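Okay, here's what each chain looks like letter by letter:
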Amino acid sequence: DAGVIQSPRHEVTEMGQEVTLRCKPISGHDYLFWYRQTMMRGLELLIYFNNNVPIDDSGMPEDRFSAKMPNASFSTLKIQPSEPRDSAVYFCASSLRNTIYFGEGSWLTVV
Amino acid sequence: DAKTTQPPSMDCAEGRAANLPCNHSTISGNEYVYWYRQIHSQGPQYIIHGLKNNETNEMASLIITEDRKSSTLILPHATLRDTAVYYCIVRAQGGTSYGKLTFGQGTILTVHP
């Protein structure tokens, strides 16, 4: 299995631009998670889905952030408009039952 | 989910066992103990988890005290590649928090030659 696949791996964008991060979970997994990691705040859960339905989005920082999961094999995290304080590593993860597996992350820099 | 307490950093000599402690004194009966690690610039990697019995896999062993208030992750023969941040997480397997992993600050393990 290829594991959780994220794209892009690195993105540099200008403030105000729209950013879309993509994730392909492990086939057959029914939970999908989006995390964000910064030096100041560590790893934070933004939102998670079960069977493509958002279960808990209380970690989404503000309305500029949105996440969708149109089918079992694809999810997006969108930031519009982006701001410098959104610079972070964004991790997607998926699980079936107990163990959560993480992707390698998308490194976002907003200048 | 219950909170955990870990030492901020530890050192270990290559080839020796690394014993990483974790305190979770407020753990509930349905909460499991999970260990993840994160090597620099990579995504967190699952290591092992357990409920009340000791567990062992190809990566590590997990020793949970009888009262379940603390646990120890053991890397039997640490290598330089085991240098990472190790996270101890307590997680419910049911209810509204099912699925969530809440990360603390972890322990920075440095393995030196």
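This report concerns the structure included in the present document. (Residues numbered from 1 in each chain as written. Chains lettered and ligands numbered in written order. Predicted model: local features only at pLDDT ≥ 70, side-chain atom pairs only at ≥ 80, totals over all residues. Heavy atoms only, no water.)

Below, the discussion takes up the sheet that holds strand E7 (residues 70-75) of chain B. The strand order across the open sheet formed by four strands is E2-E7-E6-E5 (chain B), and the pairing between neighbours is antiparallel. For this open sheet the edge positions go to strand E2 (18-23) and strand E5 (55-56) of chain B, each flanked by a neighbour on one side alone. (Pairing = 2+ DSSP bridges. Helix = DSSP H or I, 4+ residues; strand = E, 2+ residues; numbered from the N terminus.)

Further remarks concern the sheet that holds strand E8 (residues 84-92) of chain B. Residue and element names in this part refer to chain B. Taken in spatial order, the five strands line up as E1-E9-E8-E3-E4 in an open sheet, and their pairing is mixed. The sheet is open, and its two borders are formed by strand E1 (9-13) and strand E4 (45-50), each paired with just one other strand. Ignoring which end each strand starts from, the neighbouring axes of this sheet average 25° apart. Summarising the sheet, strand E3 (residues 31-38) and E8 pair through eight bridges and their orientation is antiparallel. Bridged to Val 33 within E8 is Val 90. (Axes fitted to C-alpha atoms, helices over the stretch in contact; angles between N-to-C directions.)

Okay, the interface of chain B and chain A next. Contact with chain B, which involves 19 residues of that partner, is made by 17 residues of chain A. Summed over both sides, the interface of chain B with chain A buries roughly 1600 Å², with 50% coming from carbon and sulfur. Summed over the shared surface of chain B and chain A, the result is zero salt bridges. At the boundary of chain B with chain A, the tally comes to three residue pairs in polar contact (both at pLDDT 80 or more). Looking at the side of chain B that touches chain A, the elements that each hand over two or more residues are E3, E4 and E8 of chain B. Among the elements that line the side of chain B that touches chain A, the one with the most residues is E3(B), at three residues. For the side of chain B that touches chain A, the per-class residue count stands at eight nonpolar, nine polar and two charged. (Contact = heavy atoms within 4.5 Å. Buried area = accessible area lost by both parts, 1.4 Å probe. Salt bridge = Lys/Arg side-chain N within 4 Å of Asp/Glu carboxyl O. Polar contact = N/O pair within 3.5 Å; in protein donor to acceptor, adjacent residues only side chain to side chain. Nonpolar A, V, L, I, M, F, W, Y, C, P; charged D, E, K, R; others polar.)

With that settled, the discussion passes to unusual backbone geometry. The omega torsion across A:Ser7 and A:Pro8 is -10°, close enough to zero to call that bond cis. One can find A:Pro8 in the loop between strand E1 (5-7) and strand E2 (10-13). Cis geometry is found at the peptide bond from A:Gln80 to A:Pro81, where omega equals -5°. With respect to the element layout, A:Pro81 can be found in the loop between strand E8 (74-79) and strand E9 (88-96). Even without being a glycine, B:Ser41 presents a positive backbone phi close to 70°. Here B:Ser41 shows up in the loop between E3 and E4. Looking at B:Ser41, the relative accessible area reads 34%, which means it is partly exposed. Residue B:Arg68 is not a glycine yet carries a positive backbone phi of 65°. In this structure, B:Arg68 sits in the loop between strand E6 (61-64) and E7. Judged by relative accessible area, which is 10%, B:Arg68 ranks as buried. (Buried < 20%, exposed > 50% of the residue type's maximum accessible area, 1.4 Å probe, protein only.)

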